[in-house]
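Listed here are the chains, written in short residue letters.
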Amino acid sequence: MAYRGVTVRSMQTDGKASHRTTDRIESAKDLRVYKLGYELAMDIFELSKKFPSEEKFALTSQIRRSSRSTCLNLREAGSAP
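Let me begin by describing the structure that accompanies this report. Bear in mind that the values here come from a model prediction, so they are computed numbers and not experimental data.

With respect to the overall build of the chain
1) Next: Secondary structure assignment for the chain yields two helices and two strands.
2) Next: Taken from N to C terminus, the helices and strands of the chain fall in the order β-β-α-α.
3) Next: When the accessible surface of the chain is split by element, carbon and sulfur atoms take 55% of a total near 6800 Å².

Put into structure tokens, the structure is as follows:
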């Protein structure tokens, strides 16, 4: 599902408003928030490797799943009709 371009209103240096349309978003992966969420999830995964082994199946697993949920929710919302 492709999203329509978003019109952005900004002020020029002379005080006049200008409008521009952004590029088309073909999927949730094109969203800046998705890219940031994915990068954060990868950072969390790397950090969680350093957790104590006794936390491997409790805290570590829960933190890894929750870090991935943001991107998964964005992709799910993008595929909704």
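So, next bit.
Examining the side chain of T60
1) Next: Mapping T60 onto the fold places it in helix α2 (residues 59–79).
2) Next: Taking the relative accessible area as the measure of exposure, T60 reaches 4% and is therefore buried.
3) Next: Not counting the four nearest positions on each side in its chain, T60 is found in contact with S48, F51 and E55.

Let's talk about the environment of D43
1) Next: In this structure, D43 sits in helix α1 (residues 32–48).
2) Next: D43 gets classed as partly exposed once you look at its relative accessible area, which sits at 42%.
3) Next: Taking the C-alpha atoms as reference points, D43 and S67, separated by 24 residues in sequence, lie 9.5 Å from one another.

Examining the side chain of S48
1) Next: With respect to the element layout, S48 can be found in helix α1.
2) Next: Side chain to side chain, S48 and R64 meet in a polar contact 2.7 Å long.

Thoughts on α2
1) Next: For α2, which comprises 21 residues, the first-to-last C-alpha distance of 31 Å matches the rise-based estimate of 30 Å (1.5 Å per residue) to within 8%.
2) Next: Residue S69 marks the point of greatest curvature in α2, where the axis turns by about 35°.
3) Next: Looking at the buried side of α2, the elements it contacts are α1.

A short note on the packing of α1 against α2
1) Next: At a closest axis distance of 9 Å, the pairing of α1 and α2 adopts a crossing angle of 170°. On the basis of the axis angle, α1 is roughly antiparallel to α2. In this structure, α1 crosses over α2, and the sense of that crossing is left-handed. Listed contacts from α2 to V33, Y34, G37, Y38, A41, I44, F45 and S48 of α1 are T60, I63, R64, S67, C71, L74 and R75.
2) Next: In the contact of α1 with α2, the residues fall into nine nonpolar, four polar and two charged.

So, how was this worked out
- Per chain, the residues get numbers from 1 upward, laid out in the order the sequence is written.
- Per-residue local features of the predicted model are confined to residues with pLDDT of at least 70, and side-chain atom pairs are confined, for both listing and counting, to 80 or more; whole-chain, interface and lining totals are unaffected and use all residues.
- Hydrogens are left out, water is left out, and the side-chain values use all remaining heavy atoms of the structure.
- Strands are runs of DSSP state E lasting at least 2 residues, helices are runs of H or I lasting at least 4, and numbering of each runs from the N terminus.
- With residues, only the protein chains shown are counted as cover, and all accessible areas are computed by Shrake-Rupley using a 1.4 Å probe.
- Only protein chains enter the accessibility calculation, which uses a 1.4 Å probe; a residue is then buried when its area is under 20% of its type maximum, exposed when over 50%, and partly exposed in between.
- A contact between two residues is defined here by any heavy atoms of the two lying within 4.5 Å.
- Counted as a polar contact is a pair of N or O atoms within 3.5 Å, where, for protein atoms, one must be capable of donating a hydrogen and the other of accepting one, and residues adjacent in sequence contribute only when both atoms are in side chains.
- Expected span of a helix: the number of residues minus one, times 1.5 Å.
- Bend, at a single residue, is the angle you get between axes fitted to the 7 residues ending at that residue and the 7 residues starting at it.
- Lines are fitted to the C-alpha atoms to define the axes, a helix being fitted only along its stretch in contact, and any angle between axes, read from their N-to-C directions, falls within 0 to 180 degrees.
- To sort the angles, those under 35 degrees are grouped as roughly parallel, those over 145 as roughly antiparallel, those from 65 to 115 as roughly perpendicular, and the leftovers as oblique.
- Handedness of a helix crossing follows the sense of rotation of the near helix relative to the far helix, less than a right angle counterclockwise being left-handed and clockwise being right-handed.
- Put simply, Ala, Val, Leu, Ile, Met, Phe, Trp, Tyr, Cys and Pro go in the nonpolar bin, Asp, Glu, Lys and Arg in the charged bin, and everything else, Gly too, in the polar bin.

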